[in-house]
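# Examining the three-dimensional arrangement
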Amino acid sequence: MNVISTVVGYPYIGLKREWKRIIERFWKNELTEHEFEAELKQLRIDRLKHQQDLGLEYITVGDFTKYDRMLDLAVMFNLIPKRYDVLENPTKNELYYAMARGAKDVVACEMTKWFNTNYHYIVPEYEGQKLSLQRNDILDQFLEARDEVGIITKPTIIGPYTFVDLAKGYDEKEKALFILQLIPLYAQVINELTEAGAEWIQIEEPSFTKNLPIEEIQLIEEIYKQLCKLTPHAKLLVQTYFESLFAYERLIQLPVDGFGLDFVHDNKQNLKSIQKFGFPKNKTLSIGVINGRDIWSVNFAEAVSIINSVKQLTNIENIWISSSCSLQHVPVSKNMEEKLPKELFDHLAFADEKIREIAHITHFMQKGSWLKEGLVANSMKVIQALATHPVRQNKRVEKALANLTPMDFKRSVSYKERQQIQKEALKLPDFPTTTIGSFPQSTEVKKTRSAWRKGEISDAQYAQFLKEETARWIQIQEEIGLDVLVHGEFERTDMVEYFGEHLTGFSFTDFGWVVSYGSRCVKPPIIYGDVEWTHPMTVKEVVEAQKLTDKYVKGMLTGPVTILNWSFVRNDLSREKVALQIGYALRQEVEALEKAGIKIIQVDEPALREGLPLRKENWADYLRWAVDAFKLTTSNVATDTQIHTHMCYCEFNDFIDPIKSLDADVISLETSRSHGELIHSLKENPYELGIGLGVYDIHSPRVPSVEEMLTIIQESLAVIPKEQFWINPDCGLKTRQETETVASLKNMVAAAQVLRKQV
Ligand code: GLN
Ligand code: ZN
């Protein structure tokens, strides 16, 4: 049997986010086009050599981008929306970045989540354009590796089905035409690569792991029949990831030469499918046995046992040992981390460490012995060391969770009754106005925080500054005439990090960046131990703010599911259990806020939807515990304490029932980007609790007029009774400037006043 090591893809951001810096310097005109290309080229070459040094045999190209790989393909295929015609003779890069980020007179393409990850891709827009192959970026990367590094790499390309599946702008009839035009272009890309010496081409088809109706399966079969016919000399490996291959027994028969499957997620369903249906003898199998979505080192014995099961169940000649998906979803290397607890550090594996694991496993499969003695035992030892670490032995948390009863997850009276009681208790006007929580993180706020972090100013000075900034904004909010005020969240850099820093069980890396969209990277916290609430985290700020005004000040927390979904999570406990631990910790914060006299408390859950499994059959189970975690946080309050929640960045149309089941007294939703669709859904599925549909888009500095907001509100009022109606922006305002924020909110309050006069 032939065994080689590979990965689906490797991070492109660089060890120290060099990639981001190069791109952002180019945007600021600090680099000429020539310098920009040269620096990126160097980065690509270093990156290939680095993977070689790590011991990887079959290195991938085409996993590098200047912004986003879906956008790369759209531009390659000339899928340029007409609105970019306003750009006069743009250079390639100007056009590309205009589509990515917008330009002076033209808005950017839509951006949305890449499957169930926190990465966002640019959505290709089909407008019936005549498609053609403008350039072959993947070939360029292949040639660069061949000629400058001297290696034959494996080019990867997002496959035609997934590309079309994730694009928009076509109906069922146009879809066929769209795909028919694309197939020859894909074939051309592939044939050029094959002619240049590529042995294998990896075609990424993550959409094959979604629920596929029979017509879609037939469509996939047709696409691949045609594509394979047009590329007779190429060897294609279809790579799927994140979940198991859907309709395995059929799709595994596609006329390609190999498959890459995820053997980590979805309860190892792919392994079960092999058990049941076998695997075609003449195809190559890439075994994704190293988890590309988590940061934990592998248990070598377990990985080898999976591979051996595959070996026993099939008769295949060729296997690749690989990652379950591209390693772009994990940070580059743990080597630079100096402050992490030893037991945690030892058990971490970022992209580089994962490549080493792949190399080790491959060596073992090739030679029957381990490259280093004690590797297997050591992999067990680091797992054990963390398992028995006190941070994972919190008996108080264990006991508290074991003692929970169904009553702990339920408000004591129904929403209808609460609505009446809260109305009398809070005495808010009709169409109450509020914001989502954060106010501008001005240069001054950021500068002061950084001075404090560096020790240039004292804790007391920093606290004083925050207090003054809140006081200033309380006054501004009063002048604007808002009804429910907020303290402004100036103490928070990030809505998850802030809570992680105060709860037990979290750790933070210095360089653990992963790309979130474009050049933006995030550094997710690591939940590695039991999560416990030990002290109030938000009470002081909110109570101080409340003292300054007669209006209500909302308490502001990040919800348990969002904290979970935006962190790297321990893998020795189910996500459900971790969510409940966080939920229980936040419940104590809610209690502390309430005890301190706060009557309105908001628990944000912007990431609730993104945790949904890809397969619909698994939704119910996730929603059961996710909703439970939220309700555990929010249920133990008096009837006249009003619980708010907030969600953004997501589609709500098929999500109204889960939102209802949170039983929050008020929800604010981001809607300005998909307002019409949501109104339609709410017509079909009326919402009975308090709700504020964002009346303006906070992503733009533009100040919307009163009339504009009134139009949006009037449309919303057609589906939401006025008693339930709140008025708020789409999301927090921390990225905005003060002037536009104040002007927009004044118009928003003016709109509410117009409405109050009308009734
Ligand atoms: N309360 C947070 C804020 O206003 C909510 C952020 C979010 O929804 N992403 O910034
Ligand atoms: Zn939001």
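Nothing here was measured: the structure is a model prediction, and the numbers come from that model.

### Section: the overall build of the protein chain
- When you go through the protein chain residue by residue, the secondary structure sums to 27 helices and 22 strands.
- Taken over the C-alpha trace, the protein chain has a radius of gyration of 27 Å; the compact-globule value for 759 residues is 27 Å, and the two agree within 12%.
- Over its C-alpha atoms, taken along the principal directions, the protein chain stretches across nearly 75 × 60 × 55 Å.
- Within the protein chain, buried positions represent 47% of all 759 residues.
- Of all intrachain contacts in the protein chain linking residues separated by at least 6 positions in sequence, the fraction that spans at least 24 positions is 79%.

### Overview of the sheet that holds strand 2 (residues 60–61)
- The 8 strands lie next to each other as 1-10-9-8-7-6-5-2, forming an open sheet whose pairing is parallel. Both edges of this open sheet fall to strand 1 (2–5) and strand 2, since each of them pairs with a single strand only.
- Note: strand 1 against strand 10 (residues 318–323), 4 bridges, orientation parallel. From the neighbouring strand, N2 faces strand 10, where its bridge partner is N318.

### Examining the site of ligand 1
- The environment of ligand 1 is formed by 13 residues, the closest being I436, G437, S438, P606 and G732.
- Within the shell around ligand 1, the residues separate by chemical class into 6 nonpolar, 4 polar and 3 charged.

### Let's talk about helix 11 (residues 300–313)
- Between its first and last C-alpha atoms helix 11 spans 20 Å; for 14 residues at 1.5 Å apiece the expected length is 20 Å, and the two agree.
- For helix 11, the elements touching its buried residues are helix 10 (269–277), strand 9 (284–290) and helix 13 (351–367).

### Comments concerning the UniProt feature "domain: Cobalamin-independent methionine synthase MetE N-terminal" (unreviewed entry) in the protein chain
- Those places that UniProt annotates as "domain: Cobalamin-independent methionine synthase MetE N-terminal" (unreviewed entry) correspond, in this numbering, to residues 5–313.
- Across residues 5–313, helical content stands at 44% and strand content at 11%; the span's end C-alpha atoms are separated by 21 Å.

### Observations concerning the confidence of the model for the protein chain
- Across the protein chain, pLDDT averages 96, with 100% of residues at or above 70.
- Predicted complex metrics record ipTM = 0.99 and pTM = 0.95.

### Overview of the nonpolar core
- Counting 200 residues, the largest nonpolar core has L71, I201, I287, I582, V695 and M748 as its most contacted members.
- A per-element tally of this core places helix 22 (residues 575–595) first, with 9 residues.
- When sequence neighbours within four positions are dropped, the list of residues in contact with M748 reads T433, V695, Y696, M709, I727 and P729.

### Points about the sheet that holds strand 22 (residues 725–726)
- On the basis of which strands lie adjacent, the open sheet formed by 7 strands has the order 11-16-18-19-20-21-22 and parallel pairing. Sheet topology places strand 11 (484–485) and strand 22 at the edges, where each strand pairs with a single neighbour.
- Alignment of strand 18 (residues 600–604) against strand 19 (residues 642–647), held across 5 bridges, turns out to be parallel. Looking across to strand 19, one finds that D604 is bridged to H646.

### A look at the packing of helix 22 against helix 23 (residues 619–634)
- Direction vectors running N to C along helix 22 and helix 23 enclose 20°, while the axes themselves pass 7 Å from each other. Judged by the inter-axis angle, helix 22 sits roughly parallel to helix 23. Crossing of helix 22 against helix 23: the hand is right-handed. Facing helix 22, whose interface residues are E576, A579, L580, I582, G583, Y584, L586, R587 and V590, helix 23 presents W625, A626, A629, F630, L632, T633 and T634.
- For the contact of helix 22 with helix 23, a count of residues per class yields 11 nonpolar, 3 polar and 2 charged.

### Here's the deal with the packing of helix 5 (residues 137–149) against helix 7 (residues 172–195)
- Relative orientation of the contacting elements helix 5 and helix 7 amounts to 15°, with a least axis distance of 9 Å. Taken together, the axis directions place helix 5 and helix 7 in an arrangement best described as roughly parallel. Considering only the axes of helix 5 and helix 7, their crossing is right-handed. Touching I138, L139 and F142 of helix 5 are V189, E192 and L193, all from helix 7.
- When the residues that make up the contact of helix 5 with helix 7 are grouped by side-chain class, the tally is 5 nonpolar, no polar and 1 charged.

### With respect to the UniProt feature "binding site: Zn(2+)" (unreviewed entry) in the protein chain
- When the UniProt feature table is mapped onto this chain numbering, "binding site: Zn(2+)" (unreviewed entry) sits at H646, C648, E670 and C731. Spanning 86 residues, the named residues form one tight spatial group whose C-alpha atoms are at most 8.3 Å apart.
- The exposure class assigned to H646 is buried, which follows from the 27 C-beta atoms found within 10 Å.
- Each residue touching H646, except ones within four places of it in the same chain, is listed here: I436, Q602, D604, P606, I667 and S668.
- Mapped onto the elements, E670 comes out in the loop between strand 20 (666–669) and helix 25 (675–684).
- The residues touching E670, leaving out its near neighbours within four places in the chain, are C648, Y649, G694, D730 and C731.

### Some remarks on the environment of L612
- With respect to the helices and strands, L612 occurs in the loop between strand 18 and helix 23.
- For L612, a count of 19 C-beta atoms within 10 Å corresponds to the partly exposed category.
- A C-alpha to C-alpha distance of 7.6 Å links L612 and L623, two positions 11 residues apart in sequence.

### Description of the pairing of strand 16 (residues 552–558)
- Here strand 16 lies mainly inside the structure; 7 of its 7 residues are buried.
- Residues Y552, K554, M556 and T558 point to one face of strand 16 and V553, G555 and L557 to the other, with burial holding for every one of them.
- Here strand 11 pairs with strand 16 via 2 bridges, running parallel. In the strand pairing of strand 16, V484 is matched with Y552.
- Where strand 16 lies against strand 18, 5 bridges are found, and the strand directions are parallel. Looking across to strand 18, one finds that L557 is bridged to V603.

### Brief notes about unusual backbone geometry
- Phi at F115 takes a positive value of approximately 50°, unusual for a residue other than glycine.
- Relative to the assigned elements, F115 resides in the loop between strand 3 (111–113) and strand 4 (120–122).
- Despite not being glycine, F431 shows a phi value in the positive range, around 50°.
- Structurally, F431 can be placed in the loop between helix 16 (415–426) and helix 17 (443–453).
- Judged by the 22 C-beta atoms lying within 10 Å of it, F431 falls in the buried class.

### Structural notes on the environment of F490
- Mapped onto the secondary structure, F490 falls in the loop between strand 11 and helix 19 (497–502).
- Taking C-alpha positions, F490 is 36 Å from M70, a pair spaced 420 residues apart along the chain.
- With residues up to four places along the chain from it excluded, the contact list for F490 reads V445, L466, E469 and T470.

Criteria and thresholds
- Residues numbered from 1 in each chain as written.
- Chains lettered and ligands numbered in written order.
- Predicted model: local features only at pLDDT ≥ 70, side-chain atom pairs only at ≥ 80, totals over all residues.
- Helix = DSSP H or I, 4+ residues; strand = E, 2+ residues; numbered from the N terminus.
- Rg over C-alpha atoms; globule rule 2.2 N^0.38 Å.
- Buried ≥ 20, exposed ≤ 12 C-beta atoms within 10 Å, placed from the backbone.
- Contact = placed C-beta atoms within 7 Å.
- Pairing = 2+ DSSP bridges.
- Near = placed C-beta within 6 Å.
- Nonpolar A, V, L, I, M, F, W, Y, C, P; charged D, E, K, R; others polar.
- Expected span 1.5 Å × (residues − 1).
- UniProt positions renumbered as here; feature names shortened; annotations may be inferred.
- pLDDT = per-residue confidence, 0-100.
- Core = buried A, V, L, I, M, F, W, Y, C linked by C-beta atoms within 7 Å.
- Axes fitted to C-alpha atoms, helices over the stretch in contact; angles between N-to-C directions.
- Parallel < 35°, antiparallel > 145°, perpendicular 65-115°, else oblique.
- Left-handed = near helix turned anticlockwise from the far one by under 90°.

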